[in-house]
Amino acid sequence: MKTIAFKTLGCRLNQYETDALASQFQNNNYKLVDFDEEADVYVINTCTVTHQSDHKSRNFINQITKRHKDSILVVTGCMADNAKDELESKDEINYVLENDNKSALFSLVEAHFNGEIKHTDQLNKDRFDYGSTEKGFHTRSMIKIQDGCDNFCTFCIIPSVRGRAKSRPFQDIIDNIQSVIDGGAKEVIITGVNIGRYEYEDYKFDDLVEAILNLDGDFRLRISSLEPDGFGDKFLGLLSHPKMTPHLHLCLQSGSDKLLLGMRRMYTIKTFKDTVEKVRAIRPDFNFTTDMIIGFPGESETDFTDSCNMIQDMQFGHVHTFKYSIRKGTRAERMPDQIPEKLKTERSAILRDIAEACKLKYRSQFVGKTQRVLVENINGNIGRGYGEHYIPVQFEAENLKQNTFYDVTIKKIHTDKDILLIGELI
Amino acid sequence: MKSHQVINLRHLTPSAYIIRLEKKNFTFKTGQYITLGFSGSIDRREYSIYSAEQDDYIEVLIKDVENGLLSKKLKKCKPGDMLDIDGAFGHFSLKDDEVKNKKFMFICTGTGISPVHSFIHTHPEMDYTLLHGIRHKEEAYEKETYDSNRYVLCTSGENTGDFNGRVTEYLLKNPVSPDTICYLCGNCHMIYEAYDILEKQGVKLGPIHTEVYF
Ligand SMILES: Cc1cc2nc3c(=O)[nH]c(=O)nc-3n(C[C@H](O)[C@H](O)[C@H](O)COP(=O)(O)OP(=O)(O)OC[C@H]3O[C@@H](n4cnc5c(N)ncnc54)[C@H](O)[C@@H]3O)c2cc1C
Ligand code: SF4
């Protein structure tokens, strides 16, 4: 049996694509092994969204080329789009696979083992031709509904590497989701680059979400990250649906309207606040998580303070902080008033502390309440998974089963590594 | 991305010019922008479309900026040169149901008048007021193509316009009625300030109503 190992960097969409590819290899008699182990094939699904992700991607490539000279190494993902020539000039990398033909990874590897040398240009180009993720790495089933983005936020390289926004046909998505639910999936996550802009024929994003929620079966729906623009009251109404999880990752990026304009984001602080307030008026414990960029060109002390205040005001359940880093070819690269690295680091540390305090406060409110936990990992009698609010919960019970819902009362909170809720089975 | 041939260049001032390109089968919604660059070059910049939806060519209005790379190079292009166009992109657009029966206020600075030119020439029947903020009167690009009763020129560098001062000062002195649909285009500082003023005057602005150039 051949072995394959994956390393995935970056966004949920990359994670989804790896999961789907890993499932396909497993279904075809490959054994999935850890990235640290010996494998016949190594796949690095790279990211290029920040300098740090570029750096990490390169490190993993070097790790494999140094240690495993006889294995096949495939580099795919956004770095493969953005730095194709550079990667292709490295002899140690067997294949550089752009996002456009990532879904054809299996046929490429099979061809390789059959002695054929396929050029990546000969591969099928289809951004949605991924199977389901039922094996892979996660219990949650991710479904890709959209790819690419036309927003061109001034800091972002994604529109250049992932290309124009493209929505997957409506019925394909519905059929795909129905089949994963019928196959036993309990949590479906819809994912893409800018999913709020989903548009296929007459169907918009809210129509799609509504149709998914109306499917039969014992499942819940989670929405991966969403831009805080372009959705209206219909979508907000759907958030109260019993199958919808009370969690949204809404990318705020800055607490300052001035910087949001400079980033060419499509919302204001007021509209963002209005959305959060509307949702929390119906469900006060709704979990909003977000991304924040620190040190965008021109970020003054006041802008930074506005960002800190916004985190506190919005009581985010989790904040992903990114130090701004220049991406070549973006508008922000050419902006004056770039912020010194040292100041960015200082501000990041301050913002992270505030975000951690908010996270603890947010999660503490669940002590004494119940969560419906979808168990992902089992260690003896200890089960771990996420509650509907997307907070990690751990509890003890006998005969635990993966991919099963358990109703749990939260008893206390552990703050050692991540902030973990400890519960008791009801 | 498609290559389009340059038809001609119209120099409006020593620094501002209009490039007219063949349209081929390119389609767009008035208010959108394209990215433009020399064929084969990696340097590309965004430019709002100046021409109307129904015109059988594409036009962009460009001002060369100090130390700018592309705005200076594009100025030197000649009829017959090939430029690569990608797009159209953007959500700065009119709502079909509003065009016929609403009152519009377009607030722009410098070349930010470009998508507004496209709006007005695509829908000449619109009920609009155009507020154009510039420093000197020669920057009132193709002023004669707008209805003079609807065009307010705000000059901040000299007293040669209809109003001497910035567009934001004009807005403070001439409040906008809340049922007006406002669109803002141009530099970030103007948009930031005007946005604030309009909100205080009760005007509702959504994400499609601003287009920041720099
Ligand atoms: C959506 C969108 C639409 C646009 N539409 C138009 C348009 O219709 N007409 C037009 O002329 N420009 C427009 N721009 C600006 C344009 O994309 C370029 O930024 C501009 O032409 C300068 O490019 P450059 O390569 O010459 O300068 P760069 O080398 O990119 O920049 C040089 C310096 O000039 C500054 N700068 C950039 N733009 C301006 C400006 N307009 N005025 C003053 N300083 C500036 C930059 O911050 C930088 O510091 C638009 C921008 C966006 C985002
Ligand atoms: S919305 Fe902005 S940040 Fe998100 S992918 Fe598109 S360009 Fe990038």
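What you see is a predicted model, and the numbers here were worked out from it, not measured in a lab.

Caption draft 1: How the structure looks around the domain arrangement of chain A. Residues and elements named next belong to chain A. Taken as a whole, chain A is organised into domain 1 (2-122), domain 2 (139-245), domain 3 (257-363) and domain 4 (370-425). In this structure, domain 1 and domain 2 have C-alpha centres spaced 26 Å apart. With 14 residues of domain 1 at the contact, the number on the domain 2 side is 13 residues. With both chains or domains summed, domain 1 and domain 2 bury close to 1200 Å², and 63% of this area falls on carbon and sulfur atoms. By the criterion of area lost to domain 2, the three top residues of domain 1 are R12, L13 and Y16, representing 52% of everything that side buries. Where domain 1 packs against domain 2, one counts two salt bridges. Here domain 1 and domain 2 share three residue pairs in polar contact (both at pLDDT 80 or more) between them. Broken down by element, the side of domain 1 that touches domain 2 gets its largest block of residues, seven residues, from helix α1 (residues 12-27). Class assignment for the residues of the side of domain 1 that touches domain 2 results in four nonpolar, five polar and five charged.

Caption draft 2: View of helix α5 (residues 105-113) of chain A. All names here are of chain A. Looking at α5, one finds that the buried residues are L105, F106, L108, V109 and A111. Tucked into the core, α5 has its buried residues touching β1 (2-8), α1, β2 (30-32), β3 (41-46), β4 (72-77) and β5 (95-97). Positive phi appears at G115, one or two residues downstream of α5, with a value of about 85°.

Caption draft 3: Quick look at the sheet that holds β2(A). All names here are of chain A. Spatially, the five strands line up as an open sheet ordered β2-β1-β3-β4-β5, and their pairing is parallel. In the strand order of this sheet, the two ends are held by β2 and β5, each with one partner. This sheet shows a mean twist of 25° between the axes of neighbouring strands, independent of strand direction. The pairing of β1 with β3 spans five bridges and is parallel. From the neighbouring strand, A5 faces β3, where its bridge partner is Y42. This element, α1, spans β1, β2 and β3 of the sheet and lies at about 175° to β1.

Caption draft 4: Geometry of the packing of aromatic side chains. All names here are of chain A. Counted by the stated rule, this structure contains 29 aromatic pairs over all chains. Between F25 and F106, the aromatic rings sit 5.1 Å apart at their centres with planes inclined by 75°, giving edge-to-face as the arrangement. Residue F25 is located in helix α1, and its partner F106 is located in helix α5; the two are separated by 81 residues in the primary sequence. For F25, a relative accessible area of 0% puts it in the buried group. Overall, the relative accessible area of 13% leaves F106 in the buried class. Ring geometry for F205 against F235: centres 5.4 Å apart, planes inclined by 40°, an arrangement best described as tilted. Residue F205 is found in helix α8 (residues 205-213), and its partner F235 is found in helix α9 (residues 233-238); the two are separated by 30 residues along the sequence.

Caption draft 5: Spotlight on the environment of Y362(A). Residues and elements named next belong to chain A. Within the element layout of this structure, Y362 appears in helix α13 (residues 341-364). We classify Y362 as buried; its relative accessible area is 3%. Sequence spacing of Y362 and D229 is 133 residues, and the spatial spacing of their C-alpha atoms is 24 Å. Residues in contact with Y362, not counting those within four places in the same chain, are R280, D285, F286, N287, Q315, F316, G317, H389 and I391.

Caption draft 6: Fine view of the site of ligand 1. Near ligand 1, the surroundings consist of 24 residues, among which R334(A), R45(B), E46(B), Y47(B) and S71(B) are the closest. At the site occupied by ligand 1, nearby residues are drawn from chains A and B. Interatomic distance of 2.5 Å between a side-chain N/O atom of R334(A) and an oxygen atom of ligand 1. A distance of 3.2 Å separates an oxygen atom of ligand 1 from a polar side-chain atom of Y213(B). For ligand 1, the protein covers 86% of the area, taking 890 Å² as the surface of the free molecule. Of all the elements in the fold, those that place two or more residues in the shell around ligand 1 are β4 (45-48), β5 (57-63), α1 (70-75) and β12 (210-212) of chain B. Counting residues per element, the shell around ligand 1 draws most heavily on β4(B), which supplies four residues.

Caption draft 7: View of the packing of helix α7 (residues 170-182) of chain A against α8(A). Residue and element names in this part refer to chain A. Packing of α7 against α8 leaves a shortest axis separation of 10 Å and a crossing angle of 30°. In terms of their interaxial angle, α7 and α8 are classed as roughly parallel. Seen along the crossing, α7 lies across α8 with a hand that is right-handed. Two secondary-structure elements touch here, α7 through F170, I173, I174 and I177 and α8 through D207, L208, A211 and I212. Split by residue class, the contact of α7 with α8 holds seven nonpolar, no polar and one charged.

Basis of the calculations
Residues numbered from 1 in each chain as written. Chains lettered and ligands numbered in written order. Predicted model: local features only at pLDDT ≥ 70, side-chain atom pairs only at ≥ 80, totals over all residues. Heavy atoms only, no water. Domains from an automatic or database assignment. Contact = heavy atoms within 4.5 Å. Buried area = accessible area lost by both parts, 1.4 Å probe. Salt bridge = Lys/Arg side-chain N within 4 Å of Asp/Glu carboxyl O. Polar contact = N/O pair within 3.5 Å; in protein donor to acceptor, adjacent residues only side chain to side chain. Helix = DSSP H or I, 4+ residues; strand = E, 2+ residues; numbered from the N terminus. Nonpolar A, V, L, I, M, F, W, Y, C, P; charged D, E, K, R; others polar. Buried < 20%, exposed > 50% of the residue type's maximum accessible area, 1.4 Å probe, protein only. Pairing = 2+ DSSP bridges. Axes fitted to C-alpha atoms, helices over the stretch in contact; angles between N-to-C directions. Phe/Tyr/Trp six-rings, centres within 6.5 Å; stacked < 30°, edge-to-face > 60°. Near = heavy atom within 4 Å. Areas by Shrake-Rupley, 256 points an atom, 1.4 Å probe, with all protein chains shown as cover. Parallel < 35°, antiparallel > 145°, perpendicular 65-115°, else oblique. Left-handed = near helix turned anticlockwise from the far one by under 90°.

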